[in-house]
Amino acid sequence: MTFLQAALNGDRQHDAVPHSPDAIAADAEAVVRAGAHSVHVHAYDAAGRETLNAVECDAVVAAIRRRCPGVPVSLTTSASIVSDPLRRLAMVKEWKVLPDLVTANQGEAGIVELAEYLLSRGVGIEAGLLCPDDAYRFVASALPGRCHRVLIEPLDPDPETASRDAAAMEAILADGGITLPQIHHGFDGSCWAVNLRALERGHGIRTGMEDVVVLPDGQPARDNAHLVISARTLIDGIAKRS
């Protein structure tokens, strides 16, 4: 079975994107029922801004676990939320309700130290690669043997460019002897092309309104569960062809 992760939120202005812990947890339950195997989330403060504050992050993870016991929860550590690496690390050290995984973007300053700390607390690392240079950094680091999986996340919205970047990152990992499981996703216009390429190559995929707000046919998605249902349809179609 191909792994399917739902990305429930992120910096999206869409009525169906959840922000409060209870709303995120309810959305998590819906996407799991639709076929997701895990969820990736961002926490928000009272002003609606993404945050790494312990109070909000703890509340989100705890709320999802109440609604979805046993479902792995991945939490962001993106430098786009807290750019200073020392401040980010200090904030993460305040977390009391730890996620199962974090996405650790390998091109960010201080990411190895952050990953080392979370590994020491028993949190799995999903190594985020946004470009080929990130893949080279990851291969050269001491992290590959300790990570749970790799997230290949080309950011270009152009399908051809993003697919080419995903292929380059995949090749760099292979040349470096990295055999960790991979989960792929694109952004906006490249999302479904990157996902389809990944499925054809036997990798997992991630989808959700953090990444895209339309279905493969270009029609607007109602919510995250609608996107997951479409992703499951792709997965099932690939399975029937193989």
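Before any of the text, the structure's been laid out above.
Quick summary incoming for the structure in this document.

Conventions used here
The residue numbering used here restarts from 1 in each chain and proceeds along that chain's sequence as written. Where local features are concerned, this predicted model is filtered to residues with pLDDT of at least 70; where side-chain atom pairs are given and counted, the filter is 80 or more; whole-chain, interface and lining totals use all residues. Side-chain numbers here rest on the full set of heavy atoms in the structure, without hydrogens or water. In DSSP terms, a helix is any run of H or I states spanning at least four residues, a strand is any run of E spanning at least two, and both are numbered starting from the N terminus. Relative accessibility thresholds used throughout: buried, under 20% of the residue-type maximum; exposed, over 50%; partly exposed, between the two (1.4 Å probe, protein chains only). Contact definition: two residues touch when any of their heavy atoms are within 4.5 Å. Areas reported here follow the Shrake-Rupley algorithm with a probe of radius 1.4 Å; residue values treat only the protein chains shown as occluding. Neither His nor the chain ends is counted toward charge; the positive residues are Lys and Arg and the negative residues Asp and Glu. In this description, the location of a charge corresponds to atom NZ of lysine, CZ of arginine, CG of aspartate or CD of glutamate. Helices are assigned an expected span. That span is 1.5 Å times one less than the residue count. Two strands qualify as a pair provided DSSP detects at least 2 bridges between them. Helix axes are fitted only over the stretch in contact, all axes being lines through C-alpha atoms; the angle between N-to-C directions runs from 0 to 180 degrees. What makes a salt bridge here is a side-chain nitrogen of Lys or Arg within 4 Å of a carboxyl oxygen of Asp or Glu, nothing more.

## Describing the overall build of the protein chain
Link 1 in the chain: The secondary structure content of the protein chain amounts to eight helices and 10 strands.
Link 2 in the chain: For the protein chain, the spread of C-alpha atoms along the three principal axes comes to 45 × 40 × 30 Å.
Link 3 in the chain: Taking all 242 residues of the protein chain together, the buried fraction comes to 55%.
Link 4 in the chain: Pairs at least 24 apart in sequence give 66% of the contacts found in the protein chain among residues at least 6 apart.
Link 5 in the chain: Looking at the protein chain as shown, the accessible area adds up to about 10,300 Å², and 53% of this sits on carbon and sulfur atoms.
Link 6 in the chain: For the protein chain, the distance from the average site of its 22 positive side-chain charges to the average site of its 32 negative ones is 5 Å.

## Some details on helix H1 (residues 21–34)
Because an α-helix completes one turn every 3.6 residues, residues spaced three or four positions apart along the sequence face the same direction.
Link 1 in the chain: The end-to-end C-alpha distance of H1, which contains 14 residues, comes to 20 Å, matching closely the 20 Å that a straight helix rising 1.5 Å per residue would cover.
Link 2 in the chain: Among the structural elements, strand E1 (4–7), strand E2 (38–41), helix H2 (54–67) and helix H8 (224–241) are those in contact with the buried residues of H1.
Link 3 in the chain: Gly 35 sits one or two residues past H1 and shows a positive phi near 125°.

## Focus: the pairing of E1
Link 1 in the chain: Alternating residues of E1 divide into Leu 4 and Ala 6 and Gln 5 and Ala 7, and every residue in both groups is buried.
Link 2 in the chain: Pairing between E1 and strand E10 (residues 204–207): three bridges, direction parallel. Its bridge partner being in E10, Ala 6 is matched across the sheet by Thr 207.
Link 3 in the chain: Here E1 runs beside E2; their pairing, made up of three bridges, is parallel. Within E2, the residue paired with Ala 7 across the bridge is His 40.

## Here we look at unusual backbone geometry
Link 1 in the chain: Located in the positive-phi region is Asp 188, a residue other than glycine, with phi close to 50°.
Link 2 in the chain: Judged by relative accessible area, Asp 188 falls into the partly exposed class, the value being 29%.

## Examining the sheet that holds E2
Link 1 in the chain: Strand order in this closed barrel of eight strands is E1-E2-E5-E6-E7-E8-E9-E10, and the pairing throughout is parallel. Looking at each pair of strands side by side, their axes are set apart by 25° on average, direction ignored.

## Comments concerning the pattern of salt bridges
Link 1 in the chain: For the coordinates displayed, the defined rule picks out 15 salt bridges.
Link 2 in the chain: Glu 116 is the partner of Arg 146 in a salt bridge, and the nearest nitrogen-oxygen pair spans 2.5 Å. In this pair, Arg 146 is assigned in the loop between helix H5 (132–140) and strand E8 (149–152) and Glu 116 in helix H4 (residues 111–120), connecting sequence segments 30 residues apart.
Link 3 in the chain: For Arg 146, a relative accessible area of 41% puts it in the partly exposed group.
Link 4 in the chain: In this structure, the salt-bridge partner of Glu 200 is Arg 241, at a minimum N-O distance of 3.4 Å. With Glu 200 in helix H7 (residues 191–200) and Arg 241 in helix H8, this pair connects stretches of sequence that are 41 residues apart.
Link 5 in the chain: A relative accessible area of 47% places Glu 200 in the partly exposed class.
Link 6 in the chain: Linked through salt bridges whose partners overlap, the residues forming this network are Glu 29, Arg 33 and Arg 67.

## Regarding the side chain of Glu 126
Link 1 in the chain: Topologically, Glu 126 is positioned in strand E7 (residues 124–129).
Link 2 in the chain: Residues in contact with Glu 126, not counting those within four places in the same chain, are Gln 5, Ser 74, Val 102, Thr 103, Ala 104, Arg 149, Leu 151, Ile 183 and Arg 206.

## Considerations on H2
Link 1 in the chain: Helix length check: H2 (14 residues) gives 20 Å between terminal C-alpha atoms against 20 Å at 1.5 Å per residue, within 8%.
Link 2 in the chain: Where H2 is concerned, the buried positions are Ala 54, Glu 56, Cys 57, Asp 58, Val 60, Val 61, Ala 63 and Ile 64.
Link 3 in the chain: Check the buried side of H2 and you find it contacts H1, E2, strand E3 (43–44), strand E4 (50–51) and strand E5 (73–76).

Any functional reading would require information that these geometric values do not contain.
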